[in-house]
Amino acid sequence: MAVLAVVLLLALVGAGLAVVRPGPVAGWLGADRPNPRTTAEAAEPEPVPVLAGPDANAPEPTPDGVRAALEPLLRAPELGSRVNVSVADVTTGRSLYARGGDDGTVPASVTKLATAVTVLEARGPDHRIPTRAVAGANPGEVVLVGGGDPTLAVDGDGFYPDAARLDDLARQVKQALGGTAPTRVTVDSSLFPGPVYGPGWDPDIPTGGFGAAISALMTDGARRDPRTAKKNFDASHGWAERAAQPDLAAGRAFAGLLGLTGAAAEVKRGTAPAAGAAPSAAAPAPGAELGKVESLPMIRLVDLMITDSDNVIAEAMARQVALARDQPASFVGGAAAMDIVIGELGLSADEITLSDGSGLSRSNRISPSLLTDLIALAGNGTHPELAAIFGGLPVAAWSGTLGGRYQVPATAAGAGVVRAKTGTLTRVHAIAGLVTTADGRLLTFAVLTDQVPPDSLDDTRRALDRITSALARCGCR
């Protein structure tokens, strides 16, 4: 797995930053899977390049050329009264254009780029999140301890491919208990303290199907019916009914897998006992580990978060940053830890103010120039661990949130050339990512608007697409 991770990272950075088709990449680093190259039947096709590596000799656009290409488009009324922009060269990091570039702007889901960079820096691409089961204080009691894996599945019908599974953990527990029959399940979700809903979230988000109560223990991103959610993902744009108490829902599923029924299947919250007590002849000692499963590696979780703009994964990733920097794994702690890591990377931490890691909060502020600095840092080869942010970026007119865009003549130049993360809240629209110019120069851009006219969603998106397509179309010299 480590070798594959290095191969993926090297494919994304250095002299030829080539972005590959996200589908096959997602299968390379699956947990506990047979090697897909061992048999002809299991072999996967090589990933197909979508964005070619940049030409090292391609001429760099000039600030005057970029200004001439963009400024007429920035006056479009559907962009609203505040349009803040940054464009920079990936290789040199040089700013080519800025309009309100250092101004904090509501970023919506573009926040996930900052979450991705900071969690990859803090945890590393190969880190996995454990979910453990330990012996409780009483014989037969099993404590299910959440480690913050939002993709944990109940069984093979889970929402996320190749996720860790509770049925695997249940088999381990039964074996570890030996002759002791399970008697009850307690859930320990105490790793994530504080409120379960973010500050600055719109009132409808907790029940709106795109957010969820954030808990250290959940299955399938708190989706109540993962199979239906997976089947209807495209038609519903990712909406799904979520469990109000994800940790208890996971505990009840686990109790069923252990064979508990009736009153014995009732689940309560508690805290896992500390290990160290002397075991008895009949049962494991309280706190003794009975089993453990681990999430997909961080590189895959980041890929899923960005590709699907998964808000629940994003909040879990922010808390992983918090844990790595000795902060409380809460909304406040995650924001503070992300700020710390931004500073450690040598970037302007004073240009980011966060209340969450997903971008659902209207209290978030990020400057466009910080976003382009983050992307350039991830793409220039100096921090290869950060290059995993590119694997999940949607491709214009082809995948993710950009799959249905860039399909009219005014934006066709960006099709297959723009790769970016989008963000949308009511009256807020944003896009940030990469584009290759007509001369083969790789640029990074961020366009953030947070005072858009009401009821202009489609028109505003097309206006943003025209801006990024203009960068693809021109040499800007």
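Residues numbered from 1 in each chain as written. Predicted model: local features only at pLDDT ≥ 70, side-chain atom pairs only at ≥ 80, totals over all residues. Heavy atoms only, no water.

Helix and strand counts for the chain come out as 13 helices and 14 strands. Residue pairs at least 24 apart in sequence account for 71% of intrachain contacts in the chain once pairs closer than 6 positions are excluded. Roughly 18,300 Å² of accessible area belongs to the chain as shown, and the carbon and sulfur atoms make up 52% of that amount. (Helix = DSSP H or I, 4+ residues; strand = E, 2+ residues; numbered from the N terminus. Contact = heavy atoms within 4.5 Å. Areas by Shrake-Rupley, 256 points an atom, 1.4 Å probe, with all protein chains shown as cover.)

This part is about the pairing of strand 13 (residues 428-436). It is a general feature of regular strands that their side chains alternate between the two faces of the sheet. Most of strand 13 is tucked away: nine of the nine residues are buried. Pairing analysis gives eight bridges linking strand 12 (residues 418-425) to strand 13, with the strands arranged antiparallel. Each residue of the ladder has a partner; that of V418, found in strand 13, is V435. Counted along the chain from strand 12 to the antiparallel partner strand 13, the turn is two residues long, and its residue R427 has a positive phi close to 70°. (Buried < 20%, exposed > 50% of the residue type's maximum accessible area, 1.4 Å probe, protein only. Pairing = 2+ DSSP bridges.)

A few words on the side chain of E351. Locating E351 in the fold gives a position in the loop between helix 11 (331-344) and strand 10 (352-353). Notably, E351 is buried but unbridged: the nearest opposite-charge side chain belongs to R82, and the N-O separation is 12 Å. Within the structure, E351 has its side chain in polar contact with the side chain of S367 (distance 2.5 Å). A distance of 2.9 Å separates a polar atom in the side chain of E351 from a polar atom in the side chain of S369. In contact with E351, not counting residues within four places along its chain, are D102, R365, I366, S367, S369 and L370. (Lys, Arg positive; Asp, Glu negative; His and termini not counted. Salt bridge = Lys/Arg side-chain N within 4 Å of Asp/Glu carboxyl O. Polar contact = N/O pair within 3.5 Å; in protein donor to acceptor, adjacent residues only side chain to side chain.)

Let us now look at empty space enclosed by the protein. A complete count under the given rule lists two cavities of 30 Å³ or more for this structure. Reported here for the second largest cavity is a volume of approximately 30 Å³. Looking at the second largest cavity, the residues that line it are G148, D149, P150, F192, I214, S215, M218, V312 and A316. Residue composition of the lining of the second largest cavity, by class: six nonpolar, two polar and one charged. (1 Å grid on protein atoms, 1.4 Å probe; cavity = no way out; pocket = protein on both sides within 12 Å on 5 of 7 lines; lining within 4 Å. Points joined across faces, edges and corners; volume = space filled by probe spheres on them. Nonpolar A, V, L, I, M, F, W, Y, C, P; charged D, E, K, R; others polar.)

Under the definition given, this model contains four aromatic pairs. Seen from their ring centres, W201 and F331 are 5.6 Å apart, and the 85° between their planes marks the pair as edge-to-face. Of this pair, W201 sits in the loop between strand 7 (184-188) and helix 6 (226-231) while F331 sits in helix 11, and the two are 130 residues apart along the sequence. Owing to a relative accessible area of 5%, F331 belongs among the buried residues under this scheme. Just above the ring of F159 sits the side chain of R223; from NZ or CZ to the centre is 3.7 Å. (Phe/Tyr/Trp six-rings, centres within 6.5 Å; stacked < 30°, edge-to-face > 60°. Lys NZ or Arg CZ within 6 Å of the ring centre and 35° of its normal.)

It is worth spelling out the side chain of T118 at this point. Examined against the element boundaries, T118 turns out to sit in helix 4 (residues 111-123). You can call T118 buried: its relative accessible area is 0%. Of the polar contacts made by the side chain of T118, one reaches the backbone oxygen of T115; its length is 3.1 Å. In contact with T118, other than residues within four places in its own chain, are V321, M338, V341 and I342.

Okay, the pairing of strand 6 (residues 141-145) next. Burial analysis of strand 6 places five of its five residues in the buried class, which makes it a mostly covered element. By the alternation rule, side chains of strand 6 split into E141, V143 and V145 and V142 and L144, which are all buried. Summarising the sheet, strand 5 (residues 130-135) and strand 6 pair through four bridges and their orientation is antiparallel. Paired with R132 across the bridge in strand 6 is V145. Linking two consecutive strands that pair antiparallel, namely strand 5 and strand 6, is a turn of five residues; a positive phi of about 85° is found at G140 within it.

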